[in-house]
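Letter by letter, the chains look like this.
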There are 2 protein chains.
Amino acid sequence: MTMTTAPVTPVPVQAPVVPASGALRPLGLDESRITGGLWAEKQSVNAAATLGHIGRRLESEGWLPNFDLAAAGSLPEGRRGREFADSEVYKWFEALAWEIGRGGSDELEQVFRAAVARVAAAQEADGYLNTMFGREGQRPRWSDLEWGHELYCAGHLLQAAVARARTRPGSDDGLLEVAIRVADLVVREFGPDGRDAICGHAEIELGLAELGRVTGDDRYTAQAKLFVDRHGAHTLRDIEHGRGYYQDDVPVREAQALRGHAVRANYLSASAVDVAVDTADAELLAALEGQWARTVARRTYITGGQGARHSDEAFGEDWELPSDRAYSETCAGIGSIMFAWRLLLATGEARYADLIERTLYNVLATSVADDGRAFFYSNPLQQRIEGSVPDPDETVGRAATSLRAPWFSVSCCPTNIGRTLASLGAYAATTTDDGVQLHQFAPGEIRTTTGSGARVALTVSTAYPADGEIRVRVDEPGDYEIALRVPAWAEGATLDELPVEPGYARVRGAWSPGDEVVLVLPVAPRVTVPDPRIDAVRGAVAIERGPEVWALESIDLGADVGGAALVPGSVRADGGGIVAEFVVRDGSAAEWPYGSAQPATGERRTAALVPYRRWGNRGSATMRVFLPLAH
Amino acid sequence: MTMTTAPVTPVPVQAPVVPASGALRPLGLDESRITGGLWAEKQSVNAAATLGHIGRRLESEGWLPNFDLAAAGSLPEGRRGREFADSEVYKWFEALAWEIGRGGSDELEQVFRAAVARVAAAQEADGYLNTMFGREGQRPRWSDLEWGHELYCAGHLLQAAVARARTRPGSDDGLLEVAIRVADLVVREFGPDGRDAICGHAEIELGLAELGRVTGDDRYTAQAKLFVDRHGAHTLRDIEHGRGYYQDDVPVREAQALRGHAVRANYLSASAVDVAVDTADAELLAALEGQWARTVARRTYITGGQGARHSDEAFGEDWELPSDRAYSETCAGIGSIMFAWRLLLATGEARYADLIERTLYNVLATSVADDGRAFFYSNPLQQRIEGSVPDPDETVGRAATSLRAPWFSVSCCPTNIGRTLASLGAYAATTTDDGVQLHQFAPGEIRTTTGSGARVALTVSTAYPADGEIRVRVDEPGDYEIALRVPAWAEGATLDELPVEPGYARVRGAWSPGDEVVLVLPVAPRVTVPDPRIDAVRGAVAIERGPEVWALESIDLGADVGGAALVPGSVRADGGGIVAEFVVRDGSAAEWPYGSAQPATGERRTAALVPYRRWGNRGSATMRVFLPLAH
């Protein structure tokens, strides 16, 4: 066997998160590619349908034309959209940049360049760039840090520019330069000698941290740290939801769990990991790990979804996890992936990859429709009534429908899905000095180099999660360790036919082309019992298969699922699916619903379940994930 | 025995609701008086403390001074409070009027007159009276019917004027004249030839209907009917919560259940009963009875509380009744009492009085503190964390604390409690041609005349609900029927030692002074099982005693109640209280809360329960009404 010792590549890692240090080294989109299965299909639809759908909506909603108006000096007249409308344009830029990076078409490149030029034209001489503030007839710059979203928008611009800089270094499109001018303005305005303030919606911290990494300019890193550290200092006004809503209640390093607005909380936490890692702040990192652990143990849905409350799109208290009113915003799920991914890179612990997988399958894949043109904003675990069908030409309220909708008045989720799917390959694997780690399982290819220079070339074949076999074939010779994640639920997993425990199953070899490592995860249906302190689902169980949560829809039951109870012991695999038996009571009710014990009688029916991510695909239905047990 | 045939008195009935017809005739505050027990104490504290507390807050918050500014022509500068601030002044007027009516002090009369004069001075030449709209620098009149609350405020003014006209007919304070000018303006602006519009918050309908009754001017009744009938015509804009929020989704007579904002829904429904009764619209009345029945069977808390959602202060879907996030706004409970009372008068059915009793004991009496100076806005059935103590000088958000607070930025509840307690005697009993009906049980006196002229003079003695014996003594001779409500929960009740069924137990007699009728209701603790479709409380039971719901507080358990499970069969009366045994688990948690069945082990403790209405009286605590069963 011949060892090829490749130098560490000088080109940027084509990944959203590239920390200066950590347990694991991220791979770029060119190093880790998904080539088949659910996620390749999702990426393909994202490229072919979603990105265009978003672009058309950004035009028709006026959110991209706002920049033309700004450039022409004709704002504020005619400006459309909410305070954060600019950010959707930037998240779309980020999605385009990743998609172009992983091989997108010339057409996408032209679309990207044309749109960037329109945004660049709106930038003011001092670097300020926001269509909502600062002009005659508008509110002054930085005058509404609680709700104005100026720094939030800027953060997304920075993340977009990072994506572009990493995938097309040296491109003359100008986005990086625009972003740097914005970042410099932010540092001037909000630096150590500037305004002692933060944005009501964390995000600028993420953009600055990553811009610092891509440019090597540590002023941006320092500014990110400053913003993170200023949380909890009560620089934002108190509001009815309390300052916890925007994580300005207690300092980041003193908090016990994520709280308040679930997207804000996750974005801030993710950026705090960036800061902790880049400034070697072990205490901060430990605090964030503890907050993550408590949040996952007590404030997270079985789907990985986060945010229990509609009223403020926020985490509830510990154990407050209603199924029917679960907010579980798609963007909070994506934020949770961002937070967990950074902790995974920092620590190398499998639990973070476990949550990412769960959230990918049950939040992100649930939100986006098969055709890539409709989305769930909120992802409840129980649907009590059949919803109305959204008009494809209308913009709907965020949680107003039980069916996927093409666009929202607050439309953060479609662009967030777009950028996440386009960069998804980067979340599948990492390297260390000594080996390669496979965190997510999909048919794909890995072409990279370990820290110590071993060339890694692997092909993954699998029909996971429908089938539990994950086959990793070595394509080039090399001496390194292959680590495969064994999820926490995977009791009875084997690696090359030997039992392995949850965590990472590791095998070291002097590999030759054609060598194979085979992980087998158990994917028989599981009946999962929730902690009894989750009052909302007491006396009920969920059905899971691999990383997938399954659900019961009225379409399969032939009756409203609200009156259905699962017959214990009746859950079984059935071909590629799962079926179970239910006792279905009629829809009648007593005059007063609080009395003495009522007999649980009803008709017995067998019904198929569906993966939760596929619910609502056949029209209006009632649905539930947690199934009460018949007694 | 001598029969005294008294003519029907020509003075107005001193009651909030006096329909033209119906199964039952309401009594005035002078005819039905509460003289002891919980409700007399609440009334006394209301008069001595709450009404003054409200008056001081209306001054210090600027809501009453707004009228001075209006009179001086110096609005809008300096106006304070939300759109509905005027209405709190009017609800306070109504409370003062009832309190003065039932014998309030000269001091209250002076307070009332002085404040009325300040409001009257702000009325414009054409009758318009609102401090928020119509002046230079304000939005035009009627320009924001969705959120402006102009007609809502006017409705409360009319109700206040009705209260005064019925308790001090012919008084020269001017309130009735002010109200009539407002009502005439409303009829001109919104009559059959005026704007085809409604207010986003129902209330004007109630005021107009009652003003029509008190003045005999049927233009007001017709206008109330017009407003009721216009609901569902989509004259209000669609909003994120949908038009159901303000009951503009479907016509009143086509709705299936109460929905949307729970105060709006109850106010509208109550006024629709007024319209149905006064226009002999049997179809509308039947529709409202059906909606009430469905709402009570599927959308009402065991406390009588209504409104499951914080996000829009609204009813949830059928069976959506979370304990922890129960909104159960105090004003929605009062609205429900208003709706049920009108249906009781119209139909004479005991179920309406049952719900009123449940709501009085478990919502209204829960909201107001013992000292009458602090209130719950929201009445959740589970408190997961110990709340912070509200600053007595601060104005808090409506649902921001777990302890009673002195005032709120939206402070509808204190004034609503004030007017309801001051007029509570009127809800205790009614008459028919043939007899008298006792709906609520408190020590008290009834002095009235049946429709056929029999003189009724009764004294009620009871320690209910601590004790189940209700003793009704006849004070003057008379030949009529005495009907006593037997609540639906009262299995085993006796009247004069004979078994009686839920409904009304009736006994007719040619009564002599000193005759007694004795109703005995069973008040042993009951273990109540909820309908299994109420997912939020599956596997849990509630403890009730008589009309009272009881709760477990951490103070009595010596541990967070979140981890407590009730030992079946352990609930027992203990002196004047109730105790039970619990299994209390420690506060630890698994890394991931969804797994296989976990052993329910823990320490066994005996703890006292408290009536739900008394929770939170000993400082911060966690609390739960529904107690999971230990297995």
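Here, every reference points to the structure presented above.
Attention in this report is confined to the structure presented alongside it. From a predicted model like this one, the values you see are computed outputs, not experimental measurements. (Residues numbered from 1 in each chain as written. Chains lettered and ligands numbered in written order. Predicted model: local features only at pLDDT ≥ 70, side-chain atom pairs only at ≥ 80, totals over all residues. Heavy atoms only, no water.)

**Brief notes about the side chain of A:Arg166**
All names here are of chain A. With respect to the helices, strands and loops of the structure, Arg166 is situated in helix H5 (residues 150-167). Using a relative accessible area of 4% as the deciding quantity, one classes Arg166 as buried. Of the polar contacts made by the side chain of Arg166, one reaches the backbone oxygen of Ala15; its length is 2.8 Å. The contact partners of Arg166, leaving out residues within four places of it in the chain, are Pro12, Val13, Gln14, Ala15, Pro16, Val17, Val18, Glu210, Arg213 and Val214. (Helix = DSSP H or I, 4+ residues; strand = E, 2+ residues; numbered from the N terminus. Buried < 20%, exposed > 50% of the residue type's maximum accessible area, 1.4 Å probe, protein only. Polar contact = N/O pair within 3.5 Å; in protein donor to acceptor, adjacent residues only side chain to side chain. Contact = heavy atoms within 4.5 Å.)

**Overview of the interface of chain A and chain B**
Each partner contributes residues to the interface: chain A has 59 residues there, and chain B has 60 residues. For the pairing of chain A and chain B, the buried interface totals around 4600 Å² over both sides, and the portion due to carbon and sulfur atoms is 50%. When the shortest N-O distance is used, the salt bridge between B:Arg624 and A:Asp535 registers 2.3 Å. Inspection of the chain A/chain B interface yields 23 residue pairs in polar contact (both at pLDDT 80 or more). Mapped onto the side of chain A that touches chain B, the elements with two or more residues apiece are helix H10 (282-298), helix H12 (350-367), strand E14 (526-530) and strand E20 (594-595) of chain A. (Buried area = accessible area lost by both parts, 1.4 Å probe. Salt bridge = Lys/Arg side-chain N within 4 Å of Asp/Glu carboxyl O.)

**Some remarks on the sheet that holds strand E12 (residues 503-511) of chain B**
Residues and elements named next belong to chain B. Pairing is mixed across the open sheet formed by five strands, whose spatial order is E1-E4-E5-E9-E12. Each of the sheet's edge strands pairs with one partner strand only, and the pair in question is strand E1 (25-26) and E12. In this sheet, strand E4 (residues 429-431) lies alongside E1 in antiparallel orientation, the contact comprising two bridges. The residue of E4 that forms the bridge with Pro26 is Thr430. Packed on one face of the sheet, helix H11 (residues 330-347) meets E1, E4 and E12 and runs near 25° to E4. (Pairing = 2+ DSSP bridges. Axes fitted to C-alpha atoms, helices over the stretch in contact; angles between N-to-C directions.)

**Section: the environment of B:Ala621**
All names here are of chain B. Its place among the elements puts Ala621 in the loop between strand E22 (610-611) and strand E23 (623-624). A residue is classified by how much of its surface remains accessible, and Ala621, at 2% relative accessible area, is buried. Distance from Ala621 to Ile385, taken between C-alpha atoms, is 7.1 Å for residues 236 residues apart in sequence. Not counting the four nearest positions on each side in its chain, Ala621 is found in contact with Gln383, Ile385, Glu386, Glu553, Ser554, Ile555 and Trp615.

**Quick look at the relation of the copies chain A and chain B**
Mapping chain A onto chain B calls for a screw motion: a turn of 180° about the axis and a shift of 0.0 Å along it, with 0.0 Å RMSD after fitting. One copy is carried onto the other by what is essentially a two-fold rotation axis. When the interface residues of chain A are mapped onto chain B, 100% of them are again interface residues, pointing to one common binding face. (Least-squares fit on C-alpha atoms with pLDDT ≥ 70 in both.)

**Details of the packing of helix H7 (residues 204-215) of chain A against helix H8 (residues 218-230) of chain A**
Residues and elements named next belong to chain A. Following both chains from N to C, one finds H7 and H8 inclined at 160°, their axes separated by 7 Å at the closest point. One way to sum up the angle between H7 and H8 is to call them roughly antiparallel. As for how H7 packs across H8, the hand of that crossing is left-handed. The residues of H8 that touch H7, namely those facing Ile204, Glu205, Leu208, Ala209, Leu211, Gly212 and Thr215, are Tyr220, Thr221, Gln223, Ala224, Phe227 and Val228. Its residues assigned to classes, the contact of H7 with H8 shows eight nonpolar, four polar and one charged. (Parallel < 35°, antiparallel > 145°, perpendicular 65-115°, else oblique. Left-handed = near helix turned anticlockwise from the far one by under 90°. Nonpolar A, V, L, I, M, F, W, Y, C, P; charged D, E, K, R; others polar.)

**So, the nonpolar core**
Ranked by internal contacts, the top residues of the largest apolar core, which has 188 residues, are B:Phe93, B:Leu458, B:Ile482, B:Leu521 and B:Val625. Counting residues per element, this core draws most heavily on H11(B), which supplies twelve residues. Apart from residues lying up to four places away in sequence, B:Ile482 is in contact with B:Val436, B:Leu458, B:Val474, B:Ala505, B:Arg506, B:Val507, B:Trp511 and B:Val517. Core analysis: the second largest hydrophobic core is formed by 165 residues, A:Cys199, A:Ala350, A:Ala422 and A:Val436 among them. (Core = buried A, V, L, I, M, F, W, Y, C linked by side-chain atoms within 4.5 Å.)

**Quick word on unusual backbone geometry**
Geometrically, the link from A:Leu75 to A:Pro76 is a cis peptide bond, its omega value of 5° lying close to zero. Of note, A:Pro76 is situated in the loop between helix H2 (65-72) and helix H3 (85-101). Residue B:Pro465 is reached from B:Tyr464 by a cis peptide bond, and omega for that bond is 5°. Inspection of the secondary structure puts B:Pro465 in the loop between strand E7 (455-462) and strand E8 (469-474). In this structure, A:Trp319 takes a positive phi of about 75° despite not being glycine. Summarising the element assignment, A:Trp319 is placed in the loop between H10 and helix H11 (330-347). With relative accessibility at 8%, the residue A:Trp319 sits in the buried group.

**Quick word on helix H4 (residues 106-121) of chain A**
Three- or four-residue spacings in an α-helix give side chains the same orientation, since the helix completes a turn every 3.6 residues. Residues and elements named next belong to chain A. Between the first and last C-alpha of H4 there are 23 Å, a value that for 16 residues agrees with the 22 Å anticipated at 1.5 Å per step. Of all the positions in H4, only Leu108, Glu109, Phe112, Ala115, Val116 and Val119 are classed as buried. In a view along the axis of H4, the buried residues occupy a sector of 140°, so they form one face of it. Opposite the packed face of H4, turned more than 90 degrees from it, sit the exposed residues Asp106, Glu107 and Gln110. (Expected span 1.5 Å × (residues − 1). Arc of directions from axis to C-beta.)

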